[in-house]
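Remarks on the overall topology
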Amino acid sequence: MKDSRSLSADKQVSWLLFRIGAVVALCVALWFATWVMDRASIKLAWFAYAWTYGFFVNAIPVVMVFLLLLALFNRALLAFIVTLLLTLALYAINFLKLKYLRIPVTFSDVYVLGNLHVATLKLLLDYVKAWQLAAVLLAAAGIGAVLAWLEHGFFRRRSVTRAAVALVAAGGLVSAGAGVGWVGRIYAYDPLRVAPYAPVLTQAHAGLISSILSADAMRRYTANAPVDVAAANAFLAMATPPVASLAPAAGVVRPDIVVIQSESFFDPGILKDLANTDATLPNLHRALAAGVGGTMDPPTFGGSTLRTEFEVLTGVPMAAYPQVEFPYLQIVQPVIPGFVRILRGDGYDAVAIHPNHRTFWNRDVAFKEIGFQRFISKSDFPADARRDGWYLSDEALTDQVIATLDKASAPTLVFAISIEAHGPYLDDPVDDPARRAAIPLPDGLHGNAALEYRNYMYHIQNADRQMGRLWQFLVKRGRPFLLVFYGDHLPALTHVYAQTGFDDGQPGPDQFVPWFIVGTGVEPRTLHIESWMLGSDILRMAGVPLSPYYQQVARAQSALAAKPDAQQQDAIQQGVNALAQMHLRGTVDALVARDDAAGRNNAHVAAER
Amino acid sequence: MRWVRLVLVCLPALGGCSHFGNDMLQITPATFSDCQGANIVVHVKWDATSVVKSGGVQLFVYKPGRQPELWAQAPAKGEADTGQWAADGMTVTLVDDRGKLLATRTLQSTACPVTSG
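To keep things clear, this report deals only with the structure shown in the data block. Please read these numbers as outputs of a predicted model, since none were measured by experiment.

The subject of this paragraph is the overall build of chain B. A tally of regular secondary structure across chain B gives 1 helix and 11 strands. Moving toward the C terminus, one meets the helices and strands of chain B in the order α-β-β-β-β-β-β-β-β-β-β-β. For chain B, the proportion of its 117 residues judged to be buried stands at 38%. Contacts in chain B between residues far apart in sequence, at least 24 positions, make up 62% of those at least 6 positions apart.

With that out of the way, let us pick up the overall build of chain A. From N to C terminus, chain A includes 26 helices and 10 strands. The proportion of buried residues among the 609 residues of chain A is 53%. Taking all contacts inside chain A whose residues are at least 6 apart in sequence as the whole, residues at least 24 apart take part in 75%. Carbon together with sulfur atoms contributes 62% to the accessible area of chain A, which is approximately 26,300 Å² in total.

The next thing to look at is the sheet that holds strand E9 (residues 513–519) of chain A. Residue and element names in this part refer to chain A. An order of E4-E3-E7-E1-E8-E9-E2-E10 is seen for the 8 strands of this open sheet, with the pairing classed as mixed. Edge positions in the sheet fall to strand E4 (374–377) and strand E10 (525–530), since each has one partner strand and no second. The mean inter-strand angle of the sheet, taken between neighbouring strand axes irrespective of direction, is 15°. Relative to E9, strand E8 (residues 481–487) is paired through 5 bridges, and the arrangement is antiparallel. The residue of E9 that forms the bridge with Tyr486 is Trp515.

Turning next to the environment of B:Lys77. As for its position among the elements, B:Lys77 is in strand E7 (residues 77–81). Each residue touching B:Lys77, except ones within four places of it in the same chain, is listed here: B:Trp46, B:Asp47 and B:Thr49.

Our focus in this paragraph is the state of the cysteines. Residue and element names in this part refer to chain B. Taken as a whole and judged by the stated rule, the model has 1 disulfide over all chains. One disulfide bridge connects Cys35 with Cys112, the sulfur atoms lying 2.1 Å from each other. Measuring handedness by torsion sign, the sulfur bridge of Cys35 and Cys112 sits at about 105° and is right-handed. Of the two residues, Cys35 is situated in the loop between strand E2 (31–33) and strand E3 (39–40) and Cys112 in the segment after strand E11 (108–110); the sequence distance between them amounts to 77 residues.

With that settled, the discussion passes to the interface of chain A and chain B. If you look at the interface, chain A gives 21 residues, while chain B gives 24 residues. Around 2,000 Å² of area is buried between chain A and chain B when both sides are counted, 64% of it from carbon and sulfur atoms. Among the residues of chain A in contact with chain B, A:Lys43, A:Tyr49 and A:Arg193 are the three that bury the most area, contributing 29% of the side total. There are 1 salt bridge connecting chain A and chain B. Measuring nitrogen to oxygen at the nearest pair gives 2.9 Å for the salt bridge that ties A:Arg193 to B:Asp34. Secondary structure elements with two or more residues in the side of chain A that touches chain B: helix H1 (9–41) and helix H11 (199–206) of chain A. In terms of residue count, H1(A) provides more of the side of chain A that touches chain B than any other element does, 6 residues in total. Residue classes in the side of chain A that touches chain B are distributed as 16 nonpolar, 3 polar and 2 charged.

Residue and element names in this part refer to chain A. Together, Asp273, Asp443, Asp503, Asp504 and Asp510 give the surface a local cluster of negative charge. Tracing the backbone through its elements, the reader meets Asp504 in the loop between helix H22 (494–499) and E9. A relative accessible area of 45% places Asp504 in the partly exposed class.

Counting 155 residues, the largest nonpolar core has A:Ile257, A:Phe339, A:Phe367, A:Phe372, A:Leu413, A:Leu483 and A:Leu534 as its most contacted members. There are two domains that each give this core at least three residues, and those are domain 1 (4–223) and domain 2 (265–561) of chain A. Setting aside residues up to four positions removed in sequence, A:Phe372 forms contacts with A:Leu313, A:Val340, A:Arg344, A:Ala350, A:Val351, A:Ala352, A:Phe367, A:Leu413 and A:Phe415. In this structure, B:Val44, B:Ala48, B:Ala74 and B:Leu102 belong to the second largest nonpolar core, which totals 23 residues.

Right, let's get into H11(A). Most of H11(A) is tucked away: 8 of the 8 residues are buried. All of the buried residues along H11(A) are A:Pro199, A:Val200, A:Leu201, A:Thr202, A:Gln203, A:Ala204, A:His205 and A:Ala206.

Our next topic: the pattern of salt bridges. All names here are of chain A. What the rule picks out here adds up to 14 salt bridges over all chains. Across the pair Glu395 and Arg386 runs a salt bridge whose closest N-O atoms are separated by 2.7 Å. For Glu395, a relative accessible area of 28% puts it in the partly exposed group. Of the charged contacts in the structure, one is a salt bridge between Asp537 and Arg540, with a shortest N-O distance of 3.0 Å.

So, on to a nonpolar patch on the surface. Residues and elements named next belong to chain A. A cluster of nonpolar side chains, contributed by Leu16, Ile20 and Val24, occupies part of the molecular surface with about 250 Å² of accessible area. With respect to the helices, strands and loops of the structure, Leu16 is situated in helix H1. Classification of Leu16 by relative accessible area gives partly exposed; the value is 42%.

Moving on: the sheet that holds strand E10 (residues 101–106) of chain B. Residue and element names in this part refer to chain B. One open sheet holds the 4 strands; their spatial order is E6-E5-E9-E10, and the pairing between them is antiparallel. Looking at strand neighbours, the two that pair on one side only are strand E6 (69–74) and E10, the edges of this open sheet. Geometrically, the sheet is characterised by an average inter-axis angle of 20° between neighbouring strands, direction not taken into account. Bridge analysis of strand E9 (residues 91–96) against E10 gives 5 bridges, and the strand direction is antiparallel. Bridge pairing links Thr93 to Thr104 in E10.

Calculation notes
- Residues numbered from 1 in each chain as written.
- Chains lettered and ligands numbered in written order.
- Predicted model: local features only at pLDDT ≥ 70, side-chain atom pairs only at ≥ 80, totals over all residues.
- Heavy atoms only, no water.
- Helix = DSSP H or I, 4+ residues; strand = E, 2+ residues; numbered from the N terminus.
- Buried < 20%, exposed > 50% of the residue type's maximum accessible area, 1.4 Å probe, protein only.
- Contact = heavy atoms within 4.5 Å.
- Areas by Shrake-Rupley, 256 points an atom, 1.4 Å probe, with all protein chains shown as cover.
- Pairing = 2+ DSSP bridges.
- Axes fitted to C-alpha atoms, helices over the stretch in contact; angles between N-to-C directions.
- Disulfide = S-S within 2.5 Å.
- Buried area = accessible area lost by both parts, 1.4 Å probe.
- Salt bridge = Lys/Arg side-chain N within 4 Å of Asp/Glu carboxyl O.
- Nonpolar A, V, L, I, M, F, W, Y, C, P; charged D, E, K, R; others polar.
- Patch = residues over 30% accessible without salt bridge, like charges linked within 9 Å, V, L, I, M, F, W, Y side chains within 5 Å.
- Lys, Arg positive; Asp, Glu negative; His and termini not counted.
- Charge placed at Lys NZ, Arg CZ, Asp CG, Glu CD.
- Core = buried A, V, L, I, M, F, W, Y, C linked by side-chain atoms within 4.5 Å.
- Domains from an automatic or database assignment.

Okay, structure coming up:
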């Protein structure tokens, strides 16, 4: 570019406009190039979802990088090419990660960068051709050197504009990295159309960079949510009934623990026009009579399985995080405490099994954080694993649970999540239509409601049958065991609920799912619980010492079982919510334990930042 | 002003890139509402006769980020319906018999507006 000092005033104005135009054109080019690279990395049509909200916000950080480099290098084309190469590198990594790991780049990858060492670099380099990478880097360095030499300075010496551009761009990038307020507002879930169950679909809607910034903003918001310290103190100071003893199952020998989270499983006997399900779900009723169990209040209705799953695995009520709809995406940290990690510390192996895609609901990431050593997902099931209806069957899942236990050499926790009974229920390609057609209907159910009911019952009868099969296997196996079973939520049987209500006259979201624990040394007992209490019950029945947080969960369970008045119930729930937030931050156990060691009857909690 | 004019000309041209080479492949509908449910039937129409003089074409389908799966081997011109499995982000590619990519189309969805009451 020319030296503008020798030009007339008119030409200086034209020259200025030319330079501004050039920068705008390069920014626009980056905007489009970023979107095309984004599409290419997930193999979509080049301009799929162009002109959407995601398209417009996805490249904002890229443009900021360009402006920062422009100010630093003082060379427009050089800054453009370096920015383009950096963006290309991000999308190449995304492409490779999807190819090999089937998950896109996420902000969790920052943890990998934080622990980068030679072995990691070597492993990563195995996925690219080193000579190609070296050639690209050399070519880039060569082009950069030539451009730096040929291209004239973009700004004048001691230019105030240059400093301002650098400050604005650097400020924007730093605040984006720090996840400050504006990031969360621009990269919000709804306008981006985040699909929490499918990270690649989110990228399709919003672009990779938007997806990363959106998830990061929500993670930071959650991590920094204010803690109601007064509520925690009030609960710790509260006089509560003693925690009921749940007899250890097997003395010094740790039982194997199998937890079945059964998709959409509820007892249709609570429907108004159905007497009971003793004959149709025989194993459920046998288990409820033989073990500890009853009804459980899940934090969701009709879907969003991961909310119940998160409560069970972590002991954290979703009520502690009212802004969080999808905990596996919005609560992301290297270590998520819960009963799985406590069992690991007690010598257990921990395996999760789910016959669906491993990235669904971000489970592949979440399960590592929660402490599972292995996650067996759909791609690990045999190619001929049995399907029934839309999904892999409960029979195939039970086969995997049994195979996992057969190979176990240490006390083992198996957390199995079924999928067979997932909707839709109107048009369901079941294996045995004749059996479905023979399922008796509650009085008055007809049309779509009858279709829904029969398809649903067909699948939960399979769930009941497979649960009975697993129970029998565990008994015959001869090792101490606990079999834990619960439904994750009521199904969305829209037509059924419209035609027949519930026995108690309350709507579907106020209904409960069944749960039970049967196994070695378990005495029958009926309990109503919230799903965040289940982990504490499992630990107590397995004879594994409770962490200070789970001791407080057990206290809350005991206090709520005594049916306190509404005001006290609220105080207990608020106290647990506050303690749960501290539990996730890793601060509650030490505080409660320290107060216990000091001999105080009621622990108090120090102020949280 | 030249630059402004240039940008004004280039922007629509870049937008038009979405159709570059893609006229050989059409999907109907190209966009559907989430209110219609997760899966729909899509009508796929292709015409590669301008570049494929002899032999046929292949059509692949895949979800975003997944491996393409062969859906159809067909003459250079034709049309077919998918089953009720076409979903948001599903991409169809048209490939000639030497494996050269001729066109790509992605099925898009629009958000289902939330209605009160």
